[in-house]
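As a plain string of letters, each chain reads:
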Amino acid sequence: MMKLKNGSGRVAGVAVVEPTSNPPDGFSPHTRCPNENTGVYSENYGPGLAHCNTTKWNPLGNGLSYEEFDFPIFSMKDDNDTQLIRQCYMDHNRPVNGSHPQYPLCAMQLSSHMSAVTNTPTCMRRNSISFSMSNDMVCDPLSDQNIWAPSKPLNTTQNGHKADESVIIVSARLDSRSFFSEIGPGAESAASGLITLLAAAHALRNATQDAQLDRTIFYTFFHGETFDYIGSSKMVYDMEKNQFPIDLDNVHSVLEIGQVGFYSSSNLWLHTDPISMRNSSIQKEVKNLIDNLNSAAEGLNVSVKEPDVTQPLPPSSFQRFLRARPFPGVVIEDYNSSFSNKYFQSMFDNADSLNVLYPPNLTPAEQLNHVTDTAKSLAEVATMVARALFLQAGGKKTQISSIKADELTVSRMLYSFLISSNNSWTQEIVAPKDIVHLNNNTVNFYISVEQQASLPTILAKYLLANLTGSVVNVTQENCRNQKESEDDKESKHLYNYIWVQGAALPNSTERDGFCVRSTVHWSRAISPAFELENYTTSEYSTWTESRWKEIKGRIFLVASHDLEMLTLGVGIGVLLSSLLLTYIMSSKADILFSSGREPTSATY
């Protein structure tokens, strides 16, 4: 692609056919040092660790996603339309008897109009100027929703500090990307951590309700982390401004689940921040969290290790909390000093790369309920995380043996995110209004813009509600009105109620819907830069996406050179003949167009 960019200026567009298999040597269009300018390490905080001076986390990164191309690049699936294009090329553009055609006879026209210009400050300034009555926008900030749920009810209508409340934030990311915005499978970079946290929350549902814990576990899913930590920056900003149900003083510690899909072939690594660890109280709490993780791993097929004490944190949401103040925290990854993921944030970071494989000849329904080896591995990690969180929250070690992630649930989530979101399981647990978002393709983890919640957000919201909540016997109307009875005015401050479709009734198109009560909530995931209207800041993400017109392409045949010259010759001949004929007619006009004149003295 770079050869096309830097080579001939005659390139007007490129069409790329999606490969059917992953390149064995790996491919990553991201940079070698993801999010290097918005993490915690800078000239003022661990300058020797900034800009990946000691560790290149993504050694295969080529930065292709961040290059500027002057021509459109289209991605196409290898289907019938693609075969038609190939056949057109083979029939008309392929060399014959060793001689190449002077120019392509089968041509393709690509149309991809973008409205935005130059950069974010310019396009946001133009957004604020009304050029016409339509007041069209030219770009939008990248944005979506963060999903979060405390393990016990908190009053979410009152923002700011909660007295005597101590929370453990356990997080994962909701997004990924690739070179093409419509293809972001994110199997290892997003789905592995997301599914592990959902499974851990499910495993803790009964344990957190039965035990009297000292701390509240705060399940958090950040969106837009790929683009300079959009979601985590917004949550930290809201906590600082008392615009969130808890503040930073309520945060006891942070545990983040990153890329954990490949741990079965290596180890799990517990990454910490060497700068904040210089504080003795932080160091003590971090050691306690690591001890809890080691205790939780006992008896499981999980091996945990710690990197060198001088190694910085990998790219992680935890870094945005550390930018605000020192916190005890650990980031769990399946690598030590560089990604195990050879396809980081590319179209190849898919189910195949994560070894989500099914026996041949299984139907979609059978694949949904088939427990894969990857599901078993992630269930082990989820069990360790759940047990460690229980201990970190004040639970007793004698009680953790009953905490175990469900392998079938993990396998179903893998299938829903990486194979097909439209299946019998997901259809039962989503609201009727959101069933239209489910499809038979791999989920796209690209954040996009805030026109509507993305599919990963929708799935995470319903999965977290169903896996951590409970079914309550209330009417559909009361459920949608956020109350359990006609006189109930308090529950809406503590819980969120969702009416879901339920299972299909036998021999009927009707479904047996029910109401799920949970503590799941969501808030905007948008960079604070757009709230502050500071589009040149280096403190926060300033990513925007252009408004697009219809994206389309067409193929057609270009006439041969001889036919074009013949057509040109005939056209010139017709033109000259027309000029000559016009001249003759003009010079003989008196003869050709003469008519008898009436006498000047004639009257009527």
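Small disclaimer: the values here were computed from a predicted structure and weren't measured.

Moving on, we come to the nonpolar core. Buried together is how nonpolar side chains tend to be arranged in soluble globular proteins. Ranked by size, the top nonpolar core spans 89 residues in total, and within it F221, I332, M384 and F417 carry the most contacts. With 12 residues, the single largest contributor to this core is helix α10 (residues 373-392). Other than its neighbours up to four places away in sequence, I332 contacts L255, E256, I257, G258, Q259, V260, L268, W269, L270, L293, M384 and V385. Core analysis: the second largest hydrophobic core is formed by 26 residues, Y41, Y45, M235 and V331 among them.

Counted by the stated rule, this structure contains 4 disulfides. Two residues, C33 and C52, share a disulfide whose sulfurs are 2.0 Å apart. What sets the handedness of the C33 and C52 disulfide is the S-S torsion sign, and at about 85 degrees it is right-handed. One end of the pair, C33, is in the loop between β1 (14-17) and β2 (73-76); the other, C52, is in the loop between β1 and β2, with 19 residues separating them in the sequence. When its relative accessible area of 9% is taken as the criterion, C33 is described as buried. Its relative accessible area of 7% is what places C52 among the buried residues. The disulfide bridge from C479 ends at C515, spanning 2.2 Å between sulfur atoms. On the S-S bond that ties C479 to C515, the torsion sits near 80 degrees, and the link is right-handed. In this pair, C479 sits in helix α14 (residues 476-480) while C515 sits in strand β14 (residues 511-518), placing the two residues 36 residues apart along the sequence. Residue C515 is classed as buried on the basis of its relative accessible area of 1%. When the cysteines of the chain that form disulfides are numbered from the N-terminus onward, they connect as 1-2, 3-4, 5-6, 7-8.

Now for the pattern of salt bridges. Across all of its chains, the model carries 13 salt bridges by this definition. Among the ionic pairs, R323 bridges to E539, the shortest N-O distance being 2.7 Å. With R323 in helix α8 (residues 318-324) and E539 in the loop between α16 (528-532) and β16 (544-546), this pair connects stretches of sequence that are 216 residues apart. R323 sits in the partly exposed class, given a relative accessible area of 29%.

This brings us to the packing of aromatic side chains. Evaluation of the coordinates by the stated rule reveals 22 aromatic pairs. Between F227 and W543 the ring centres are 5.3 Å apart and the planes differ by 70 degrees, which places this aromatic pair in the edge-to-face class. With F227 in the loop between β7 (216-222) and α6 (230-240) and W543 in the loop between α16 and β16, this pair connects stretches of sequence that are 316 residues apart. Pairwise contacts between aromatic rings join W57, Y335, F339 and F344 into one cluster. Residue placement shows R177 over the ring face of Y66; its charged tip is 5.1 Å from the ring centre.

This part takes up the UniProt feature "transmembrane region" (unreviewed entry) in the chain. Annotation from UniProt places "transmembrane region" (unreviewed entry) at residues 565-585. With 100% helix and 0% strand, residues 565-585 has end C-alpha atoms that lie 30 Å from one another.

All right, on to α6 then. Owing to its 3.6 residues per turn, the α-helix aligns residues three or four sequence positions apart on the same side. With 10 of 11 residues buried, α6 lies mostly within the body of the structure. Positioned one or two residues after α6, N242 has a phi angle of 55 degrees, which is positive.

Take the domain arrangement of the chain next. Here the chain is described as being made up of domain 1 (1-138 + 552-561), domain 2 (143-469 + 521-526) and domain 3 (470-518). Contacts between the two partners involve 18 residues from domain 2 and, on the opposite side, 17 residues from domain 3. Summed over both sides, the interface between domain 2 and domain 3 buries roughly 1400 Å², with carbon and sulfur atoms accounting for 60% of that surface. Looking only at domain 2, the three residues that lose the most surface to domain 3 are P153, E428 and G469, adding up to 30% of its buried area. One can count 0 salt bridges joining domain 2 with domain 3. Counting every contact that joins domain 2 to domain 3 gives 6 residue pairs in polar contact (both at pLDDT 80 or more). Listed by contribution, the elements that provide at least two residues to the side of domain 2 that touches domain 3 are α12 (424-429), α13 (455-468) and β15 (521-526). Taken together, the residues of the side of domain 2 that touches domain 3 break down into 10 nonpolar, 7 polar and 1 charged.

Rules of the game
Residues numbered from 1 in each chain as written. Predicted model: local features only at pLDDT ≥ 70, side-chain atom pairs only at ≥ 80, totals over all residues. Heavy atoms only, no water. Core = buried A, V, L, I, M, F, W, Y, C linked by side-chain atoms within 4.5 Å. Buried < 20%, exposed > 50% of the residue type's maximum accessible area, 1.4 Å probe, protein only. Helix = DSSP H or I, 4+ residues; strand = E, 2+ residues; numbered from the N terminus. Contact = heavy atoms within 4.5 Å. Disulfide = S-S within 2.5 Å. Salt bridge = Lys/Arg side-chain N within 4 Å of Asp/Glu carboxyl O. Phe/Tyr/Trp six-rings, centres within 6.5 Å; stacked < 30°, edge-to-face > 60°. Lys NZ or Arg CZ within 6 Å of the ring centre and 35° of its normal. UniProt positions renumbered as here; feature names shortened; annotations may be inferred. Domains from an automatic or database assignment. Buried area = accessible area lost by both parts, 1.4 Å probe. Polar contact = N/O pair within 3.5 Å; in protein donor to acceptor, adjacent residues only side chain to side chain. Nonpolar A, V, L, I, M, F, W, Y, C, P; charged D, E, K, R; others polar.

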